[in-house]
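Examining the three-dimensional arrangement
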Amino acid sequence: MEKTSQLYEGKAKKVFATTDPDLCIVSYKDDATAFNGLKKGTILGKGVINNRVTNHLMKLLENNGIPTHFVEEISDRETIVKKVSIIPIEVIVRNIAAGSLSKRLALEEGTKLGKTVIEYCYKNDDLGDPMINEYHILAMDFATEQELKQIADYSLRINKFLSEYLQDLKIELVDFKLEFGKTSDGTIVLADEISPDTCRFWDTVSGEKLDKDRFRRDLGGVEDAYQEIMKRLLGE
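Residues numbered from 1 in each chain as written. Predicted model: local features only at pLDDT ≥ 70, side-chain atom pairs only at ≥ 80, totals over all residues. Heavy atoms only, no water.

1. What about the packing of aromatic side chains?
Scanning the entire structure with this criterion turns up three aromatic pairs. With centroids separated by 4.8 Å and ring planes inclined at 15°, the aromatic side chains of Y122 and F142 adopt a geometry described as stacked. You can see Y122 sitting in strand 10 (residues 112-122) and its partner F142 sitting in the loop between helix 3 (134-139) and helix 4 (145-167), a full 20 residues away along the chain. What makes F142 buried here is its relative accessible area of 14%. Measuring from centroid to centroid gives 6.4 Å for Y154 and F180, while their planes differ by 20°, and the two rings are stacked. Linking Y154 in helix 4 with F180 in strand 12 (residues 171-182), this pair joins segments that are 26 residues apart in sequence. (Phe/Tyr/Trp six-rings, centres within 6.5 Å; stacked < 30°, edge-to-face > 60°. Helix = DSSP H or I, 4+ residues; strand = E, 2+ residues; numbered from the N terminus. Buried < 20%, exposed > 50% of the residue type's maximum accessible area, 1.4 Å probe, protein only.)

2. So, the environment of E2
Examined against the element boundaries, E2 turns out to sit in the segment before strand 1 (3-9). Linking E2 and I96, residues 94 residues apart in sequence, is a C-alpha distance of 43 Å. Aside from chain neighbours lying at most four places away, what touches E2 is A17, T18 and T19. (Contact = heavy atoms within 4.5 Å.)

Here you go:
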């Protein structure tokens, strides 16, 4: 199987069509952006780490009943995935107040939420990925009621599994973003990535941030934080 044409280039990845119409190749970049692309930079080695960490976690989730787009890792930066049509919704799962939630509700960062919160955003860079609710999703026909129920159920199951798994590695899963897509037969699967780019990871002992917030907030030690996540998850 070979790449044929580039289908898409985003802030962190390129996606290529292949000689198999049902499969694509995702190539991870070292480019880093924040604040809807207003801040740009490079995190050395990020593409390798995000590719390998994502694949590791997706394989674990597959083994625990969550369908994903993952097929095969073919190099440090490239992975074969099922071709999906992305549902234009970003799902944000929150366990602890941080980032925009802290600002929006005047909650001190680090406040443990009484219940896991699911938020939805409309995936649209030009609009800055605005927050939407279930009514918007159904009104705009982004997903059916049944599909949305399935997405919420998967998101909560992913949160439960990852939170417990990462706790054993002394990593607190503060919040994270998920994207889902539909395969050619209409099956909803987890797509995109699960990495320090898309999750807030805090060290459970020191509270140290081990994710893209180090880049967003100019905290320094960005590469070291990403490397630390890969070391804890993959032992490397």
